[in-house]
Amino acid sequence: MPVTSSTNLNILFESLLFLVAATLFLLLVGWAWRQLQPFSLPQPLPAWFKGWFLTVQVVGGVVPLATMLIWRGDDRVLAVFVAYFAVLSWQVLSEVVALRWFHSVVWVMIPYLYVPYRLWQIYQGLMLLPPQPELRGVRNLLLLELVLWILSYGLALAQLPRLFRWQLQPKSDEQDSQNFPAETHNASSKFPN
């Protein structure tokens, strides 16, 4: 499928439409949740966080930016990366505003809204850029970006209990086996058949 200037404009328009919809959604949710207690990140941050954050900055930001600058003469590559950076930049700005200015729990949901769209953008870029030898490096970078953001999304999901400060309730196996039959008996006696 040849990439035309119309295709490039469609990519940019689609990203702009997503940014408007995501921003309106976050504003609506932030307003609905305005009475919640101020949110702050649980401290201390996990030991692995600094390394992962640096990896995301380099692989998700610096390398694509360098690629975009190197390939700035190719409208196809430029359209993919301009849209990518528009959404990434707006996500970072949204996170800063939600966490530092408003101390809103909305901050937690921002990656869950933006990263799936970023995965779509990367997939779309892979479909739009032809598998030509001269574009192999760009396509490989997009594949690397896909892996990076899938991992980032998984880590964000894994951190939900920590972010919401859900506490573990330690129980021994003996307590579990003793409580299970009693709970079953109590539950069945409350609800007649």
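Everything quoted here is computed from the prediction, not taken from an experiment.

About the criteria used
Residues numbered from 1 in each chain as written. Predicted model: local features only at pLDDT ≥ 70, side-chain atom pairs only at ≥ 80, totals over all residues. Heavy atoms only, no water. Helix = DSSP H or I, 4+ residues; strand = E, 2+ residues; numbered from the N terminus. Contact = heavy atoms within 4.5 Å. Polar contact = N/O pair within 3.5 Å; in protein donor to acceptor, adjacent residues only side chain to side chain. Phe/Tyr/Trp six-rings, centres within 6.5 Å; stacked < 30°, edge-to-face > 60°. Buried < 20%, exposed > 50% of the residue type's maximum accessible area, 1.4 Å probe, protein only. Axes fitted to C-alpha atoms, helices over the stretch in contact; angles between N-to-C directions. Parallel < 35°, antiparallel > 145°, perpendicular 65-115°, else oblique. Left-handed = near helix turned anticlockwise from the far one by under 90°. Nonpolar A, V, L, I, M, F, W, Y, C, P; charged D, E, K, R; others polar. Core = buried A, V, L, I, M, F, W, Y, C linked by side-chain atoms within 4.5 Å. 1 Å grid on protein atoms, 1.4 Å probe; cavity = no way out; pocket = protein on both sides within 12 Å on 5 of 7 lines; lining within 4 Å. Points joined across faces, edges and corners; volume = space filled by probe spheres on them.

Asker: How would you sum up the environment of Y112? Please name residues and give values.
Answerer: With respect to the helices, strands and loops of the structure, Y112 is situated in helix α4 (residues 106-128). The contact partners of Y112, leaving out residues within four places of it in the chain, are Y153, A156, L157 and L160. Among the polar contacts listed, one links the side chain of Y112 to the backbone nitrogen of L157, at a separation of 3.5 Å.

Asker: So what about the packing of aromatic side chains? Which residues, and what values?
Answerer: Counted according to the given criterion, the structure contains 10 aromatic pairs. Where F18 meets Y117, the ring centres are 4.1 Å apart and the plane angle is 5°; that geometry is what we call stacked. Pair noted here: F18 is in helix α1 (residues 5-32) and Y117 is in helix α4, with a separation of 99 residues, a long-range link. Judged on exposure class, the residue F18 and its partner Y117 are both buried. When the centroid spacing of 5.6 Å and the interplanar angle of 25° are considered together, the rings of F164 and W166 count as stacked.

Asker: Pulling in residues and values, what's your account of the packing of helix α2 (residues 49-70) against helix α5 (residues 136-158)?
Answerer: The relative placement of two packed helices comes down to the angle between their axes together with the axis-to-axis distance. Closest axis-to-axis distance for the α2/α5 pair is 11 Å, and the angle between their directions is 155°. Of the possible angle classes, the one that applies to α2 and α5 is roughly antiparallel. As for the relative orientation of α2 and α5, their crossing is left-handed in sense. Judged by residue contacts, W52, T55, V56, V59, G60, V63, P64 and T67 of α2 engage V138, L141, L144, E145, L148, W149, L151, S152 and L155 from α5. A class-by-class count of the residues in the contact of α2 with α5 yields 12 nonpolar, 4 polar and 1 charged.

Asker: Summarise the packing of helix α3 (residues 75-101) against α4; cite the residues concerned and give the values.
Answerer: At a closest axis distance of 10 Å, the pairing of α3 and α4 adopts a crossing angle of 175°. Classed by the angle they form, the pair α3 and α4 counts as roughly antiparallel. For the pair α3 and α4, contact is made by V80, A83, Y84, V87, L88, W90, Q91, S94, E95, A98 and L99 and by W107, I110, P111, Y114, V115, Y117, R118, Q121, I122 and G125, respectively. In the contact of α3 with α4, the residues fall into 15 nonpolar, 4 polar and 2 charged.

Asker: Run through the nonpolar core, naming residues and quoting values.
Answerer: Within the largest apolar cluster, 21 residues are counted, with the highest numbers of intra-cluster contacts made by F81, Y84, L142 and W149. Within the residue set of this core, elements represented by two or more residues are α2, α3, α4 and α5. Per-element tally for this core: the top contributor is α3, with 6 residues. The next biggest cluster of nonpolar side chains, apart from the first, holds 19 residues, and it includes L99, V105, W107 and Y112.

Asker: Give a detailed account of the layout of surface pockets, specifying residues and quantitative values.
Answerer: Considering only enclosed or pocket space, the largest pocket measures out at about 1000 Å³ in volume. Contributing to the lining of the largest pocket are 33 residues, with F49, F53, E95, W107 and P111 lying nearest its centre. Contributing elements (two or more residues each) for the lining of the largest pocket: α2, α3, α4, α5 and α6 (160-163). The element that contributes the greatest number of residues to the lining of the largest pocket is α3, accounting for 8 residues. Each residue belonging to the lining of the largest pocket can be placed in one class, and the counts come to 23 nonpolar, 6 polar and 4 charged. Computed from the structure, the second largest pocket encloses a volume of approximately 430 Å³.

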